[in-house]
Amino acid sequence: MGRMLFASRGGRGDILGVAVLVIDMINDFVSGMLKSSRAKGVVPNIQKLLEFARSRKIPVVYTCDSHQSTDAEFELWGPHAIAGSRGAEVVSELKPKKGDHIVKKGKYSAFFGTDLDQLLRDLDVTRLVLVGVSTDVCVQNTAADAFYRGYEIVVPRDCVDAFTEEGHRRALEYMGKVYGAKVTTSDELIKNLRREHAVIPCSF
Ligand SMILES: [Zn+2]
């Protein structure tokens, strides 16, 4: 009694119930078939956030497009992220590290047709930090599914981006209004998680 200990949630996740979801930071969306300088621009911020997360044992989950060569989505976007190709691999600057998780997806939402929800529940995750691209496509659609499943959503605005500033800005506003997403910055998020980490007392 009286000692400040970190509370254990009993699962394998971190004590804060947080996970970082890295959405579609793959070669095709950064430098390949659907490349975007805006996607490249968020790499350093995501890098910083992932370093912090791993240092605090916050789970890092990569969700990556992985399509068959006949995917109907190509009618809208052209071919991209073909399963097994270099384009479908996470960019080298953000390469997954030991202990990270990778979930392959075939649709915009990282929950659709994947075991992501079960993985997050096994990790005792209740809050999802969404980073990656595009703010108005895969990030927003993943936020919708996270909201339906009762997760709290946090979006650091400097760790997501879209093909256009307008698309990016609109999606942030929509997620904030409609899904109650907390739109913040990576620095602010890290500061708040540090603070939370320091003050969680334990009663035993
Ligand atoms: Zn796709």
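The rules behind these values
Residues numbered from 1 in each chain as written. Predicted model: local features only at pLDDT ≥ 70, side-chain atom pairs only at ≥ 80, totals over all residues. Helix = DSSP H or I, 4+ residues; strand = E, 2+ residues; numbered from the N terminus. Rg over C-alpha atoms; globule rule 2.2 N^0.38 Å. Buried ≥ 20, exposed ≤ 12 C-beta atoms within 10 Å, placed from the backbone. Contact = placed C-beta atoms within 7 Å. Expected span 1.5 Å × (residues − 1). Arc of directions from axis to C-beta.

### Structural notes on the overall build of the protein
Logical step 1: If you tally the helices and strands in the protein, you get eight helices and seven strands.
Logical step 2: Relative to the globule expectation of 17 Å for 204 residues, the C-alpha radius of gyration of the protein, 17 Å, shows essentially globular dimensions.
Logical step 3: Counting only C-alpha atoms, the protein reaches 60 × 30 × 30 Å along its principal axes.
Logical step 4: Relative to its full complement of 204 residues, the protein shows a buried share of 37%.
Logical step 5: Here the analysis covers contacts within the protein between residues at least 6 apart in sequence; of these, 78% occur between residues at least 24 apart.

### Considerations on helix 8 (residues 186–199)
Logical step 1: Between the first and last C-alpha of helix 8 there are 20 Å, a value that for 14 residues agrees with the 20 Å anticipated at 1.5 Å per step.
Logical step 2: Buried within helix 8 we find Ser186, Leu189 and Leu193. The arc enclosing the buried residues of helix 8, seen along the axis, measures out at 60 degrees, which places them on a common side. Opposite the packed face of helix 8, turned more than 90 degrees from it, sit the exposed residues Lys191, Arg194, Arg195, Ala198 and Val199.
Logical step 3: Buried residues in helix 8 make contact with strand 1 (18–23), helix 3 (43–55), strand 4 (127–133), strand 5 (152–156) and strand 7 (182–184).

### Quick look at unusual backbone geometry
For residues besides glycine, phi is generally negative; the peptide bonds are generally trans as well.
Logical step 1: The amide bond that connects valine 133 to the next residue, serine 134, takes the cis arrangement and shows omega of -20 degrees.
Logical step 2: Relative to the helices and strands, serine 134 resides in the loop between strand 4 and helix 6 (135–148).
Logical step 3: Within the chain, aspartate 24 stands out as a residue other than glycine whose phi angle is a positive 55 degrees.
Logical step 4: The phi torsion at alanine 81 lies on the positive side, around 50 degrees, for a residue other than glycine.

### Focus: the environment of arginine 86
Logical step 1: If you trace the backbone, arginine 86 turns up in the loop between helix 4 (74–77) and strand 3 (101–105).
Logical step 2: Accessibility expressed as a C-beta count within 10 Å gives 10 for arginine 86, which makes it exposed.
Logical step 3: Distance in space between the C-alpha atoms of arginine 86 and threonine 184 is 32 Å, their sequence separation being 98 residues.

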